[in-house]
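# What the coordinates show
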Amino acid sequence: MQKYADFVEFTDVTPSAALSVARHGWRAKCLQRLIRLDLPVPRTVALPADTVRAIAAGQLPDTEKLVAVFGNDLLVSVRSSPENPDWGGPGTVLNVGMNSDRHAALTASHGAEAADALYLGFVQSFATHVARLDPDMFMAPTGPTALATALAAYESETDTPFPQDPARQLSDVLRSMARAWEGTTARLLRQAKGAPAEAALGLVVQSMALGIGPGLSGSGTMQFVDSITGAAQITGRFRGQSQGRRAAIATLYLTKDARGTSLEETSPEVFAELVAYGAACRKKLRDEMQLEFTIESGRISVIDAARVQRSSRAAVKIAVALAKDGIISRADALLRVEPRALSELLHYQVDPRSKRDRVAHGIAVSPGAATGRIVFTAAAAQASAARDEACILVRRETAPEDIRGMHAAVAVLTERGGVTSHAAVIARGLGLPCIVGASDIRLNARDRSLTLADGRLLREGDVITVDGSNGEVLLGAAQMLEPALDDGFRTLLRWADNVRDIGIRANADTPDDARTARMFDAEGIGLCRTEHMFFDEDRLTVMREMIFADTSADRRVALERLLPMQRADFTALFGIMAGLPVCIRLFDPPLHEFLPHDREGMRELAEALDRPLSDVTRRVEALSEFNPMLGMRGVRLGITIPEIYEMQARAIFEATVEASKSGDPVVPEIMIPLVSAQREVELVKSHIDAVAAAVKTEMGAEFTYRLGVMVETPRAALRAGEIARHTDFLSFGTNDLTQMTYGLSRDDAGRFMGSYVSQGVYAEDPFHILDVEGVGELLLIGASRGRETRPKMTISVCGEHGGNPESIAFCRAAGFDYVSCSPFRVPVARLAAAHFALLDPKGRDRD
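Residues numbered from 1 in each chain as written. Predicted model: local features only at pLDDT ≥ 70, side-chain atom pairs only at ≥ 80, totals over all residues. Heavy atoms only, no water.

## With respect to the overall build of the protein chain
Looking only at helices and strands, the protein chain has 31 helices and 31 strands in total. Seen along its three principal axes, the alpha-carbon backbone of the protein chain occupies a region of about 105 × 60 × 50 Å. Counting contacts in the protein chain only where the partners sit at least 6 residues apart, residues at least 24 apart contribute 68% of the total. Approximately 35,000 Å² of the protein chain is accessible, and the part contributed by carbon and sulfur atoms is 49%. Of note, the protein chain has its 95 positive side-chain charges centred 3 Å away from the centre of its 110 negative side-chain charges. (Helix = DSSP H or I, 4+ residues; strand = E, 2+ residues; numbered from the N terminus. Contact = heavy atoms within 4.5 Å. Areas by Shrake-Rupley, 256 points an atom, 1.4 Å probe, with all protein chains shown as cover. Lys, Arg positive; Asp, Glu negative; His and termini not counted. Charge placed at Lys NZ, Arg CZ, Asp CG, Glu CD.)

## Things to note about the packing of helix 23 (residues 642-662) against helix 24 (residues 678-699)
Packed helices, taken two at a time, are described by their axes: the angle between them and the distance between them. Where helix 23 meets helix 24, the closest approach of the two axes is 9 Å, and the angle between their N-to-C directions is 40°. Viewed along their axes, helix 23 and helix 24 adopt a mutual orientation that is oblique. Like other packed secondary-structure pairs, helix 23 and helix 24 cross with a definite hand, here right-handed. Packed against helix 23, whose contacting residues are P642, Y645, E646, A649, R650, F653, E654, V657 and E658, the element helix 24 presents V684, H687, I688, V691, A692, A694, V695, E698 and M699 at the interface. Looking at side-chain class alone, the contact of helix 23 with helix 24 contains 12 nonpolar, one polar and five charged residues. (Axes fitted to C-alpha atoms, helices over the stretch in contact; angles between N-to-C directions. Parallel < 35°, antiparallel > 145°, perpendicular 65-115°, else oblique. Left-handed = near helix turned anticlockwise from the far one by under 90°. Nonpolar A, V, L, I, M, F, W, Y, C, P; charged D, E, K, R; others polar.)

## Comments concerning the packing of aromatic side chains
Tallied over the full model, the rule gives 16 aromatic pairs. With a centroid separation of 5.3 Å and 70° between ring planes, the pair formed by F126 and F162 is classed as edge-to-face. Taken together, the residues span a long stretch of sequence, with F126 in helix 5 (residues 112-130) and F162 in the loop between helix 6 (146-158) and helix 7 (166-182) at a distance of 36 residues. With centroids separated by 6.1 Å and ring planes inclined at 5°, the aromatic side chains of F238 and F293 adopt a geometry described as stacked. Residue F238 is located in strand 8 (residues 232-240), and its partner F293 is located in strand 9 (residues 289-296); the two are separated by 55 residues in the primary sequence. F293 matches F238 in its accessibility class, with the two residues each being buried. Among the aromatic residues, those joined into a ring-pair cluster are Y119, F122, F126, Y154 and F162. Sitting above the plane of the Y818 ring, R505 keeps its charged end 3.9 Å from the centroid. (Phe/Tyr/Trp six-rings, centres within 6.5 Å; stacked < 30°, edge-to-face > 60°. Buried < 20%, exposed > 50% of the residue type's maximum accessible area, 1.4 Å probe, protein only. Lys NZ or Arg CZ within 6 Å of the ring centre and 35° of its normal.)

## Describing the side chain of T128
Topologically, T128 is positioned in helix 5. The exposure class of T128 is buried, given its relative accessible area of 14%. At 3.4 Å, the side chain of T128 forms a polar contact with the backbone oxygen of S125. Those residues in contact with T128, other than ones at most four positions away along the chain, are L133 and P135. (Polar contact = N/O pair within 3.5 Å; in protein donor to acceptor, adjacent residues only side chain to side chain.)

## Section: the nonpolar core
If you look at the biggest cluster of nonpolar residues, it comprises 125 residues, and the most contacted ones within it are L342 and F653. Here this core gets 10 residues from one element, more than from any other, and that element is helix 23. Sequence-distant contacts of F653, defined by excluding residues within four places in its chain, comprise I670, I688, V691, A692, V695, F703 and Y705. Residues W87, M177, W181 and A195 belong to the second largest nonpolar core, which totals 52 residues. (Core = buried A, V, L, I, M, F, W, Y, C linked by side-chain atoms within 4.5 Å.)

## Quick notes on the confidence of the model for the protein chain
In this model, the protein chain carries an average pLDDT of 90, and 97% of its residues clear a pLDDT of 70 or more. Taken as a whole, residues 1-6 scores under 50 in pLDDT and shows 17 contacts with residues more than four places along the chain or in a different chain. Taken as a whole, residues 243-249 scores under 50 in pLDDT and shows 19 contacts with residues more than four places along the chain or in a different chain. (pLDDT = per-residue confidence, 0-100.)

## Observations concerning the pairing of strand 15 (residues 391-395)
Of all five residues in strand 15, four are buried; the element is thus mostly enclosed. Sheet topology places strand 14 (residues 369-375) next to strand 15; three bridges connect them, and they run parallel. Pairing of V375 across the sheet is with L393, part of strand 15. One crossover worth recording links strand 14 to the parallel strand 15 by way of helix 13 (residues 378-386), and it is right-handed. As defined by bridge partners, strand 15 adjoins strand 16 (residues 411-414) across four bridges and the pair is classed as parallel. By the bridge assignment for strand 16, I392 is matched with A411. Following the chain from strand 15 across helix 14 (residues 403-408) to the adjacent parallel strand 16, one finds a crossover that is right-handed. (Pairing = 2+ DSSP bridges. Right-handed = clockwise from strand over helix to strand, strands pointing away.)

## Thoughts on unusual backbone geometry
Even without a glycine there, the phi angle at N95 is positive, about 65°. Checked against the element boundaries, N95 lands in strand 5 (residues 93-96). At D610, a position not held by glycine, the phi torsion is positive, near 55°. By the element assignment, D610 lies in the loop between helix 20 (599-609) and helix 21 (613-623).

## Focus on a negative patch on the surface
Together, D134, D136, E155, E157 and D159 give the surface a local cluster of negative charge. Looking at the secondary structure, you find E155 in helix 6. Judged by relative accessible area, E155 falls into the partly exposed class, the value being 42%. (Patch = residues over 30% accessible without salt bridge, like charges linked within 9 Å, V, L, I, M, F, W, Y side chains within 5 Å. Salt bridge = Lys/Arg side-chain N within 4 Å of Asp/Glu carboxyl O.)

## Some points on the sheet that holds strand 22 (residues 472-475)
A sheet is described by the order of its strands in space; here eight strands give the open sequence 12-22-21-14-15-16-17-13, paired in mixed fashion. Taken across any chain shown, the strands that pair with only one partner, and hence form the sheet edges, are strand 12 (358-361) and strand 13 (363-366). Put simply, the sheet's adjacent strands are angled 30° from each other on average, direction ignored.

## What about the sheet that holds strand 10 (residues 299-307)?
Here four strands make up an open sheet; going across it, the order is 8-7-9-10 and the pairing antiparallel. One side of each edge strand has no neighbouring strand; the edge strands of this open sheet are strand 8 and strand 10. The sheet shows a mean angle of 20° between the axes of neighbouring strands, taken without regard to direction. Pairing between strand 9 and strand 10: eight bridges, direction antiparallel. Of the residues in strand 10, the one forming a bridge with E292 is D304. Those strands touched by helix 1 (residues 21-36) are strand 9 and strand 10, and its axis lies near 135° from that of strand 10. Where helix 10 (residues 268-285) meets the sheet, its contacts fall on strand 7 (218-225), strand 8, strand 9 and strand 10, and the angle it forms with strand 9 comes to roughly 150°.

Following this line, the structure appears as structure tokens:
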């Protein structure tokens, strides 16, 4: 190690040099590893972060000693070397040390054209990035006078000749790059990429490998996997004599290609040497690397290597391949894939290489991409699906009556809403790409048109693409990548299941949802919302007859018609899940959601029920509530209209008997929603027990069931100890619990949540990331008090938070038994749970 001035130190990059990523950055450490592999790396010196900070503060280095390391014919590049390559950094400056003497020597050895091009490139780079002069003054056309013109322009603007002293040039470049890193814009950009505020920069000074010469010469890059798919494939480029005179050799393909000459054919020895270097890097650096190299008359110099940039699907394929080849462990492979990235593999994605005509932007709430024709109603979506025509349902916001249209559509776009709005929750469950809160569009349902922010008008039938992974609406049909549910994907998740220590179930409301849950290896259904089963056309009419019934007997008549439908639903679910647990939530929403709210809909309902329009209108008005989500719903309906829960319990128990005859024994889990008092559970339990006893007698069969509560109110969490006396499990419904804890409507919070988060009112959107300080404390209180009463009680989370890695970490640490999430989020949850088990194996409270 050498020192100059009193503060500056630099380290010659050798195999044994004391370099660290924290002090010298990733690039310096990577170059040292390449040197240890005996790769032909040019002479390199690393400046640590404290040196760079001192330079930025104005303490000028004694670059004479640094220049002496490279000898009299100094010609170097300066590259940034932050701790993490994703943080970026100032651009590379090439050919530092180029002056009139060096230019003359290069003219004699390589010709005037090559020497002029090298000198001109350095003058342009130095003038714009170091001296901060107007770039337009130095972008003159190339030619015999271009160099002289650039030198004259520099002198005219600075009143001094272009610096000739290599030490002075190097000093100015180092100072410029150090200060650029400390600039406000650069700081904000890297913080947006996850860098800490105090992130430091190292710098690397390296002898230039010019890539010019009489034989095969030039520069290029080479990598050995495809960045998008992760498939083994040599890609990159090679440009003949790219730094010097106009390429004597045209740009070459790397491998044999029918379109033109390749490096593999032109110089098989050089090509084979590069391939060998790549293989050595993969094995010793334990990753897929991209090599940056130059060739001078057939002699290779490796000037840099970086981790191959990769898509999510490529990341999975690469990690699994490295583990299978014994280069990394399975645990490393799991930790190298970001859990949320798996969402991109489950759906079609817009090809990142394709052009995008973005016309709107909203909140990305359900990943994937789809192209279709715009429709504005559920009926139009169903009609489109009947014609086998892909459509995208566009609504101001969705309601339960839109579910059939959502089933028929390939994607959903809403003007309003947030991450837990109706559209978001249902779309995630169905695996539909969905964007909500697209406030820069204006929907006119009457004219069936959509006005964009730039004034353009889209009408029903126009084609758009919804990218639910990043919230972009694109005009026209975009090029797509297919889902990547291949062997690599399944292998990675199988490894995850071997190490995770918290259960993962799926929220599934239909047989299709259950099949999806099984496809992704969910360990059961943690939430089946039975109300979604009533929105099919044939059931909706019967449901409305029940709502309009005047007596309990009339209600039972209508419900008896629904009974076989519900029984068939549950029998199908039990059969698909093949003995895995199925947790069924009893009817939850307010009854008004099943009724029309416009005059035309009420008229049609009056005709269907053969009632006067005035009777229908009065009943709709009577059922309306000022705040229906806090009104007559959930267990309150079950107590005031007990026939509903009795019918559902009978359907569950009869399906249990039928499914158990033909398959694995079924132990259904029945969950009571919106509980806030112990007495509510006692009343409902007595009715369900009576139904169970009746079914056992009628069918001559024995079965067991588990009764639990969906903890959605703060009072239920606080009184969990007494509620637990009558239940086998507590499942926290964090969507409603968050609403009631904060006093926020999840459907409306999106209008101001961005402002709240940006101003630090909330650290994150609490409907997206579980609020561990507020809502989380209620979960801990409820779980603790529930287990004080019943130590073996099953505790879980079944809200949308169940699929978020941060929430899984909290639930795991709190000793919860499982989390349940939308079927398409199950893979994300499985991998996230494995991450936490690997990173914090002792961080789980309960075995």
